[in-house]
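Each chain is listed here by its residues.
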Amino acid sequence: MDRRRTLQTLLVAPLVAAGGCAEFGPGYAAGDTPRAGPIRWTEGRRRTALVLGSGGPRGFAHVGVLKALEAAGLEPALVVGASAGAIVGALYSARLPAVEIEQRALDVGVSQMADPALLQPNRMIGRALQNYVNDAVGARTVEQLPRRFCAVAAPVGTPSVTAFTAGNTGAAVRASAALPSLFLPTRIGNVDYEDGDMVSPVPIRVARALGAERVVAIDVSAFLEDTPDRAAESWRRRDAERRAIIDAEARDADLLLRIRLPYYAGMSREYRENVIRLAFAQTQAAMTSAAALLG
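Residues numbered from 1 in each chain as written. Predicted model: local features only at pLDDT ≥ 70, side-chain atom pairs only at ≥ 80, totals over all residues. Heavy atoms only, no water.

Engineer: Explanation requested: the pattern of salt bridges in the structure shown.
Structural biologist: Where side chains of opposite charge bring their charged atoms close, a pairing between them can arise. Inspection of the entire model under this criterion finds 18 salt bridges. Salt-bridge contacts for Arg260 lead to Asp226; the nearest nitrogen and oxygen are separated by 2.9 Å. One end of the pair, Arg260, is in the loop between strand 9 (255–258) and helix 10 (269–285); the other, Asp226, is in the loop between strand 8 (214–219) and helix 9 (233–250), with 34 residues separating them in the sequence. Its relative accessible area of 37% is what places Arg260 among the partly exposed residues. Where salt bridges share partners, they join Asp197, Arg238, Asp239 and Arg242 into one cluster. (Salt bridge = Lys/Arg side-chain N within 4 Å of Asp/Glu carboxyl O. Helix = DSSP H or I, 4+ residues; strand = E, 2+ residues; numbered from the N terminus. Buried < 20%, exposed > 50% of the residue type's maximum accessible area, 1.4 Å probe, protein only.)

See the structure below:
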């Protein structure tokens, strides 16, 4: 028995050193536990919100949107992000220049996010993502970011979402991006959270509930009419369900900008460069409408 335990220790130790130990503890002080609540709008500024939706690798397109807005001198008062949109939105809310966010998006590798759970090695813990975001934003909490920010996540097993407006930024983003097929749920307090992609992929109503008077929302999900004939039926159902949810929330947006991207997503540098370029061009084409709302 002792020999077997010794062998198990030798096999597990490298995984723990590589990030497996991140399964234990939240990684932040109790006072920095992410929480929901009202935001403090800047006095004298129009209450404008930019909503960045979920989309997995398609979310790299949000970088192109930010590049176009920055080039036009447009700056929302609030950024609301879901999943991939929360990752990009957190960096933007920390006032990282769009060109730096783009470079980070092109350089980030799977190894920087790979922290497989010891008991479920096919799932990531998410602590690596949490640490990555906290490092990028200078270890500032959500309420300390220079732009108002909110990360949206879904309590596991419920049809509702939680809007994290304070607390540890990386943990809030981690919860928002915890796609069930890839990540373990993120425990915050006594609640497990996951990506709310099938609850509110583009959380426009969250922005309104927080007091936004003008809402520009970015949707990077697939166009149903672009679905290839060979696409799996499960994908078709998922896309149709997501589209119905987004269309229902779109009524509460002043502008919903749907970025048209290739149907199949990827992680290659070429793919990232392409979707950033496409989003930049499409946002520029809609700049007159966006400027009237965010200017």
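Engineer: Would you mind showing me how to read the packing of aromatic side chains here?
Structural biologist: Centre-to-centre distance and the angle between the planes together describe a pair of aromatic rings. If you walk through the whole model with that rule in mind, you get four aromatic pairs. Judged by centre distance (5.1 Å) and plane angle (75 degrees), the rings of Phe164 and Tyr193 are edge-to-face. Taken together, the positions of Phe164 in strand 5 (residues 162–166) and Tyr193 in strand 7 (residues 191–194) put the pair 29 residues apart, joining distant regions of the chain. The exposure classification of Phe164 matches that of Tyr193, with both residues buried. Here the aromatic cluster, defined as three or more aromatic residues joined through ring pairs, consists of Trp235, Tyr263 and Tyr264. Geometry around Phe280 places Lys67 over its ring, the cationic atom sitting 5.6 Å from the centre. (Phe/Tyr/Trp six-rings, centres within 6.5 Å; stacked < 30°, edge-to-face > 60°. Lys NZ or Arg CZ within 6 Å of the ring centre and 35° of its normal.)

Engineer: In this structure, what is going on with the confidence of the model for the chain? I would like to understand it.
Structural biologist: In low-pLDDT segments, the atomic positions of the prediction should not be examined closely. Per-residue pLDDT for the chain averages 91, and the proportion of residues at 70 or more is 92%. Overall, residues 1–22 carries pLDDT values under 50, and its contacts beyond four positions in sequence, including any with other chains, amount to 13 contacts. (pLDDT = per-residue confidence, 0-100. Contact = heavy atoms within 4.5 Å.)

Engineer: Please clarify how the nonpolar core should be interpreted in this entry.
Structural biologist: Inside soluble globular proteins, nonpolar side chains tend to come together where they are buried. Counting 58 residues, the largest nonpolar core has Leu50, Ile101, Phe149, Ile218 and Ile259 as its most contacted members. With six residues, the single largest contributor to this core is helix 2 (residues 61–71). Once residues lying within four places of it in the same chain are set aside, the contact partners of Phe149 are Leu78, Val79, Gly81, Ala86, Gly89, Ala90, Ser93, Val142, Phe164, Thr165 and Val173. With 20 residues, the next largest nonpolar core counts Ala77, Cys150, Leu210 and Ile246 among its residues. (Core = buried A, V, L, I, M, F, W, Y, C linked by side-chain atoms within 4.5 Å.)

Engineer: I would appreciate a short explanation of the pairing of strand 3 (residues 78–82) in the present structure.
Structural biologist: Within a regular beta strand, the side chains point alternately toward one face of the sheet and then the other, so they alternate between its two faces. By the criterion of burial, strand 3 is predominantly enclosed, with five of the five residues buried. Side chains of strand 3 alternate between two faces, with Leu78, Val80 and Ala82 and Val79 and Gly81 buried alike. Two strands pair when backbone bridges link them, and strand 2 (residues 48–52) and strand 3 are joined in this way by four bridges, in the parallel orientation. Note on strand 3: the bridge partner recorded for Val51 is Val80. Inspection of the sheet shows strand 3 paired to strand 4 (residues 148–155) by five bridges, in the parallel sense. Note that in strand 4 the partner of Val80 across the bridge is Cys150. (Pairing = 2+ DSSP bridges.)

Engineer: Help me understand helix 3 (residues 84–93), please; the structure alone is not making it clear to me.
Structural biologist: Since the α-helix packs 3.6 residues into each turn, any two residues three or four apart lie on the same face. Burial within helix 3 is extensive, with nine of its ten residues counted as buried. Within helix 3 the residues assigned to the buried category are Ala84, Gly85, Ala86, Val88, Gly89, Ala90, Leu91, Tyr92 and Ser93. Looking one or two residues past helix 3, Arg95 carries a phi angle of roughly 65 degrees, positive in sign.

Engineer: Sorry if this is basic, but what is going on with the environment of Ala217 here?
Structural biologist: Secondary-structure assignment places Ala217 in strand 8. Along the sequence, Ala217 and Ala207 sit ten residues apart, while their C-alpha atoms lie 9.6 Å from each other. Setting aside residues no more than four positions away along its own chain, Ala217 makes contact with Val51, Val202, Ile204, Leu255, Leu256 and Leu257.

Engineer: Got a minute to help me understand the side chain of Gln130 in this structure?
Structural biologist: Inspection of the secondary structure assignment puts Gln130 in helix 6 (residues 127–136). The buried category is assigned to Gln130, whose relative accessible area is 0%. Polar side-chain contacts of Gln130 include one of 2.8 Å to the side chain of Arg174. Look past the residues within four positions of Gln130 in its chain and what remains in contact with it is Pro26, Gly27, Tyr28, Asn168, Gly170, Ala171 and Arg174. (Polar contact = N/O pair within 3.5 Å; in protein donor to acceptor, adjacent residues only side chain to side chain.)

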